[in-house]
Amino acid sequence: MSNTPATAASSSKSKAAGTSQPQEKRKTLFQKELQHMMYGFGDEQNPLPETVALVEDIVVEYITDLTHKAQEIGSKRGRLLVDDFLYLIRKDLPKLNRCRELLAMQEELKQARKAFDVDEDKLASLD
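Since this is a predicted model, take the numbers as computed values, not measurements.

To continue, consider the overall build of the protein. A count of helical and extended segments in the protein gives 5 helices and 0 strands. Going from the N terminus to the C terminus, the protein shows its helices and strands as α-α-α-α-α. Per-residue burial over the protein gives 14% buried out of 127 residues. Once local pairs closer than 6 in sequence are excluded, the contacts in the protein between residues at least 24 apart make up 36%.

Take a look at the structure:
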């Protein structure tokens, strides 16, 4: 029988993780951030690496799927816009509201930087 318990366990881990690559060779993108978020939501301060890897796989898959769907929507007009993402999450009100809040904050920061740069230029011209 070729399906020993060890190989069955390792193949089920790779299926659960959503990847066919061994975990040692995978590049971690959000490992530290996810550990902090998991701790903030009640997990151990140092969660198991396998748990973090699984959560990371889920997050990366979600972001990838959302981006592909937004690209499909944007390709109809020839470019990808933030509104394409907002359209995709329109039924998830907490996400939609948080995205709008972050976009408004980004705009405020942009205006503040612009005002600061203008003030700095005026001060430089007075000297």
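Structure's up, so let's keep going.
Right, let's get into the packing of helix α2 (residues 31–40) against helix α3 (residues 49–75). Put simply, α2 and α3 touch, their axes get as near as 10 Å, and they point 105 degrees apart. Our classification of the angle between α2 and α3 gives roughly perpendicular. Here Gln31, Leu34, Gln35 and Met38 of α2 lie close against α3, whose contacting residues are Thr51, Val52, Val55, Glu56 and Val59. Across the contact of α2 with α3, the residue classes break down as 5 nonpolar, 3 polar and 1 charged.

What the rule picks out here adds up to 0 aromatic pairs. The lysine or arginine in question, Arg90, covers the ring of Tyr87, its NZ or CZ lying 4.0 Å from the ring centre.

Conventions we followed
- Residues numbered from 1 in each chain as written.
- Predicted model: local features only at pLDDT ≥ 70, side-chain atom pairs only at ≥ 80, totals over all residues.
- Heavy atoms only, no water.
- Helix = DSSP H or I, 4+ residues; strand = E, 2+ residues; numbered from the N terminus.
- Buried < 20%, exposed > 50% of the residue type's maximum accessible area, 1.4 Å probe, protein only.
- Contact = heavy atoms within 4.5 Å.
- Axes fitted to C-alpha atoms, helices over the stretch in contact; angles between N-to-C directions.
- Parallel < 35°, antiparallel > 145°, perpendicular 65-115°, else oblique.
- Nonpolar A, V, L, I, M, F, W, Y, C, P; charged D, E, K, R; others polar.
- Phe/Tyr/Trp six-rings, centres within 6.5 Å; stacked < 30°, edge-to-face > 60°.
- Lys NZ or Arg CZ within 6 Å of the ring centre and 35° of its normal.

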